Amino acid sequence: MTVQEFFHAGGYGFYLWSAFGITALVMIAEILIVRAQRKTVLKRLKRLARMEQQ
Amino acid sequence: MNIKWFKYAAPSTFYPLAGRMIPWFWVSAILFIGVGLYWGFFHTPGILTDQKEYYRIIFPHVASAWMSMWLYIVLVGWALVGLIFQTRISFMMAEAVAPTGAIMTFIALVTGAFWGKTSWGTWWDWDPRMTSELILLFVYIGYMALQSAIDDRRRADRASAVLALVGAVTVPIIFWSVNCPDPNQCTALHQQSGMGKVDPDIVIAMLVTSLGFWLYSFAIIFQRVRNIILQRERNTRWVMELPEVKRGK
Amino acid sequence: MWRGFTTMLKRDLVLAMRRRTDILTTLFFFIIVVSLFPLGVGTEKEILRKMAPGVVWIAALLASMLALERLFADDHADGTLEQMLLTPQPVALLVLAKVTAHWLLTGLPLVLIAPLVGLQYHVGGDVTLVMMQTLLIGTPVLSLIGAIGAALTLGLRGGGILISLLILPLYIPVLVYGSGAVAESMAGGGELGAYFQLLSAFLILALVFSPWATAAALKISTE
């Protein structure tokens, strides 16, 4: 099986890879969102910690 | 009653424990999804009964559909534990599970639409299982909407837990009514899931990918619950003592 | 114990009778929604007949849902609700009384106005009768399930629209079998027994569980 054949998937490439692509996209988006949430929370906590020390 | 369980139920012990487990979940999630998809693409026949190459959508489709339903059960379980034992961590877990459940439902619907377009020639059909999945998405959205509409955390936790339990009683009835709109003759349109007829290699790939999705859910839910813990426990000593908070001022 | 129930029921009915417009608002909402559909999809007889079961039931769902926001809101605002929760009476029973009053004021009128819908959609006498029967069994279920949503969203800003997100998906079984029975009778099938048994089963289930869940939700919301 060549690489081209693999991505062609017997003429169904568009549907097959769209489904996989959207799945991957949504999961990666979820990971990034959760990571961004963590950054925001930590930033806020650091500010709180600094205020406490002063 | 085992005391050790309640020890881990304290956010201050659970937070570092979850932190240590998360990398392992990520590694194994990537490993299982990778192996599952590799097996699914290179060790399976090009045809599944009457379905051609596009049938490989089945791997993320079935995995996400299973997870979407399983995560609702997990959500209800944590809500129940929270209402009975009044443990903060169980409410936090319930809150953390919901978005991933909704995302899994969404993935199942979208991948299902692509499969439907190739297999039945339509993006959407009011087939019982597709309708059930759509309703499950509505239920997740309702849960998250209530959770975020209430400012008082204690009330938000317990009110959404009650909603989850009400959902647990009604969701099976809803699914059943959608499956069987005419009580005189019940039929299901969706292809019956007959595992026996399917090529064993496809089943293996499907199960391994599903396991990978399950591990992914573990990883992302633990990460989210850690965020929730930090957010809610921000006024406590132990959070202020955390290295990631103290470091880098 | 039943005195608490009847006292509560009477009180709510008397209060509502002093403000009759509230009852009429729900009723006219239902009539307007039902009357708008032919304007949107065309007035062809056959299409209207085909749509009638679904339209009636969806209009009933929306009407009973819109009325829900008021179920506990007034009592919550003037503090009566907290007193109610403090009485030695079982809260579930008082909730049941309030829901019964609510249904008598907003659900029953829909049942009684159904023949008008039957005329508008050319469905004929027999089908109208079936429509009224399904509404009679189904609308109490809507009020009972809705009460849980009303209790959970008590006093929240944007509570009305939130109730619809929480409660509308839970209304699906009633919608499916309520409109299913009407459609079946329209198609001339005589096998309506199963539909009515299912709707009655939902009613019994809702009667047993809903007041209890609503009471729990009220306690959480007023704490």
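Here the structure is shown first, and the text comes after it.
Bear in mind that the values here come from a model prediction, so they are computed numbers and not experimental data.

Enquirer: How should the overall build of chain A be read in this particular structure?
Expert: Each helix and strand in chain A was counted, giving 2 helices and 0 strands. Radius of gyration (C-alpha) of chain A: 22 Å, far over the 10 Å computed for a compact globule of 54 residues. C-alpha atoms of chain A, sized along the principal axes, occupy 65 × 20 × 10 Å. Out of the 54 residues in chain A, the part that is buried amounts to 33%.

Enquirer: In this structure, what is going on with the interface of chain A and chain B? I would like to understand it.
Expert: Accessible area lost upon the coming together of the parts serves often as the stated size of an interface. At the junction of the two partners, chain A supplies 31 residues and chain B supplies 41 residues. On the surface where chain A and chain B come into contact, there are 2 salt bridges. Across the pair R38 of chain A and E244 of chain B runs a salt bridge, and its minimum N-O distance is 3.2 Å. There are 8 residue pairs in polar contact (both at pLDDT 80 or more) connecting chain A and chain B. If one sorts the elements of the side of chain A that touches chain B by residue count, helix α2 (residues 13–53) of chain A sits on top with 26 residues. For the side of chain A that touches chain B, the class distribution of residues is 20 nonpolar, 5 polar and 6 charged.

Enquirer: How should I be thinking about the interface of chain B and chain C in this particular structure?
Expert: Every contact between the two is made by 27 residues of chain B and, on the other side, 27 residues of chain C. Regarding the contact of chain B and chain C, the summed buried area is about 2500 Å², with carbon and sulfur atoms giving 72% of it. Among the residues of chain B in contact with chain C, R155, P183 and N184 of chain B are the three that bury the most area, contributing 22% of the side total. The interface formed by chain B and chain C holds 3 salt bridges in total. Here E223 of chain C ties to R154 of chain B by a salt bridge, and the two come within 3.4 Å at their closest N and O atoms. Remark: the boundary between chain B and chain C carries 6 residue pairs in polar contact (both at pLDDT 80 or more). Those elements that place two or more of their residues in the side of chain B that touches chain C are α5 (128–149) and α6 (153–179) of chain B. Broken down by element, the side of chain B that touches chain C gets its largest block of residues, 13 residues, from α6 of chain B.

Enquirer: I tried to follow the side chain of S143 of chain C on my own but got confused; where do I start?
Expert: With respect to the element layout, S143 of chain C can be found in helix α8 (residues 125–152). With near-sequence residues (within four places) excluded, S143 of chain C lies in contact with L68, V99, H102 and W103 of chain C.

Enquirer: Any chance you could explain the environment of A19 of chain A here in plain terms?
Expert: Topologically, A19 of chain A is positioned in helix α2. In contact with A19 of chain A, not counting residues within four places along its chain, are I57, T111 and F114 of chain B.

Enquirer: Would you explain the packing of helix α2 (residues 11–42) of chain B against helix α7 (residues 200–232) of chain B in this entry?
Expert: In a pair of packed helices, the angle between the axes and the distance between the axes together describe the arrangement. All names here are of chain B. Contact pair α2 / α7: the axes reach a minimum separation of 7 Å and the direction vectors enclose 155°. It follows from the interaxial angle that α2 and α7 lie roughly antiparallel. Crossing of α2 over α7 shows left-handed handedness. Split into classes, the residues belonging to the contact of α2 with α7 amount to 29 nonpolar, 7 polar and 2 charged.

Enquirer: Please clarify how the nonpolar core should be interpreted in this entry.
Expert: Side chains of nonpolar character tend, in soluble globular proteins, to be buried together. Ranked by internal contacts, the top residues of the largest apolar core, which has 158 residues, are L146 of chain B together with F30 of chain C. It is α8 of chain C that contributes the most residues to this core, 14 residues altogether. Setting aside chain neighbours within four positions, we find F30 of chain C in contact with V56, A59, A60, A63, L110, I113 and V117 of chain C. In this structure, Y12 of chain A together with I57, I58 and I202 of chain B belong to the second largest nonpolar core, which totals 18 residues.

Calculation criteria
Residues numbered from 1 in each chain as written. Chains lettered and ligands numbered in written order. Predicted model: local features only at pLDDT ≥ 70, side-chain atom pairs only at ≥ 80, totals over all residues. Heavy atoms only, no water. Helix = DSSP H or I, 4+ residues; strand = E, 2+ residues; numbered from the N terminus. Rg over C-alpha atoms; globule rule 2.2 N^0.38 Å. Buried < 20%, exposed > 50% of the residue type's maximum accessible area, 1.4 Å probe, protein only. Contact = heavy atoms within 4.5 Å. Salt bridge = Lys/Arg side-chain N within 4 Å of Asp/Glu carboxyl O. Polar contact = N/O pair within 3.5 Å; in protein donor to acceptor, adjacent residues only side chain to side chain. Nonpolar A, V, L, I, M, F, W, Y, C, P; charged D, E, K, R; others polar. Buried area = accessible area lost by both parts, 1.4 Å probe. Axes fitted to C-alpha atoms, helices over the stretch in contact; angles between N-to-C directions. Parallel < 35°, antiparallel > 145°, perpendicular 65-115°, else oblique. Left-handed = near helix turned anticlockwise from the far one by under 90°. Core = buried A, V, L, I, M, F, W, Y, C linked by side-chain atoms within 4.5 Å.

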